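# Working through the structure, step by step
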Amino acid sequence: MNEYPVPYRTEGNGKEGILEECLFLQKSRRRQLLRVLGSEEGGEVLKELERHFEVHLPVFQGQSGSFDPLDAMRRDAYREVFLYVRHQLNLARRERESVPEPLEEEMETEAGFRTPEQ
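Source: prediction; values computed, not measured. (Residues numbered from 1 in each chain as written. Predicted model: local features only at pLDDT ≥ 70, side-chain atom pairs only at ≥ 80, totals over all residues. Heavy atoms only, no water.)

### Examining helix α3 (residues 69-98)
We count it as follows: Helical segments are the DSSP runs of H or I of at least four residues, strand segments are the runs of E of at least two, and each set is numbered from the N terminus. By definition here, a helix of n residues has an expected span of 1.5 Å times n minus one. Relative accessibility thresholds used throughout: buried, under 20% of the residue-type maximum; exposed, over 50%; partly exposed, between the two (1.4 Å probe, protein chains only). Pairs of N or O atoms are called polar contacts if they sit within 3.5 Å, as long as, within protein, a hydrogen donor faces a hydrogen acceptor (for residues adjacent in sequence, only side-chain-to-side-chain pairs).
In this model α3 runs 43 Å from its N-terminal to its C-terminal C-alpha over 30 residues, within 8% of the 44 Å that 1.5 Å per residue would give. Three or more residues of α3 are buried, namely Asp71, Ala72, Arg75, Phe82, Val85, Gln88, Leu89, Leu91 and Ala92. Looking at where α3 begins, the residue whose side-chain oxygen comes 3.2 Å from the main-chain nitrogen of Leu70 is Asp68.

### What to know about the nonpolar core
Rules: Side-chain atoms within 4.5 Å link the members of a nonpolar core, which is a set of buried Ala, Val, Leu, Ile, Met, Phe, Trp, Tyr and Cys residues.
Core analysis: the largest hydrophobic core is formed by 8 residues, namely Leu34, Leu37, Leu46, Val55, Phe82, Val85, Leu89 and Ala92. Taken together, the elements giving at least two residues each to this core come down to α1 (14-37) and α3.

### Some details on the environment of Phe53
Let me state the cut-off plainly: Only heavy atoms matter for contacts: two residues are in contact if any of them lie within 4.5 Å across the pair.
You can see Phe53 is positioned in helix α2 (residues 40-53). By relative accessible area, Phe53 is classed as partly exposed at 28%. Once the C-alpha coordinates of Phe53 and Tyr78 are considered, the two residues, 25 residues apart in sequence, prove to be 6.8 Å apart. If we ignore the near neighbours within four places in the chain, the residues touching Phe53 are Tyr78 and Phe82.

### Thoughts on α2
Convention followed: Comment: arc refers to directions from the helix axis out to C-beta atoms.
Its 14 residues give α2 an end-to-end C-alpha distance of 20 Å, which sits within 8% of 20 Å, the value for a rise of 1.5 Å per residue. Listed in full, the buried residues belonging to α2 are Gly42, Leu46 and Glu50. All buried residues of α2 lie within an arc of 75 degrees about the axis, which places them on one face of the element. Within α2, the exposed residues directed more than 90 degrees away from the buried face are Glu40, Glu41, Lys47, Arg51 and His52. Positioned one or two residues after α2, Glu54 has a phi angle of 50 degrees, which is positive.

Coordinates in, geometry out; function isn't part of it.
Right under this line is the structure:
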């Protein structure tokens, strides 16, 4: 089964509903990416992959006068993937920061209990 279903509605809210569903799915995917790669260990994994695939180097490598377009295309594809992942992580962090955290009192009330006073 497709883990990320494509939003499709045959009836209902029309284009606005589809757009809303698409935005919801994008945010959901960004939160998943942040949960997996936003941790300290996830950051280390990203750094190692960036080092291994040399995404920090220019896509045009080789001796002067010789150019391999397939190698440049491959390097550019690696770089594009990492730029996409970094951009999605940054968006997810901004989204998380823009949503205010509930106050401790609100959390206790919602949970139906109160912590003992100190």
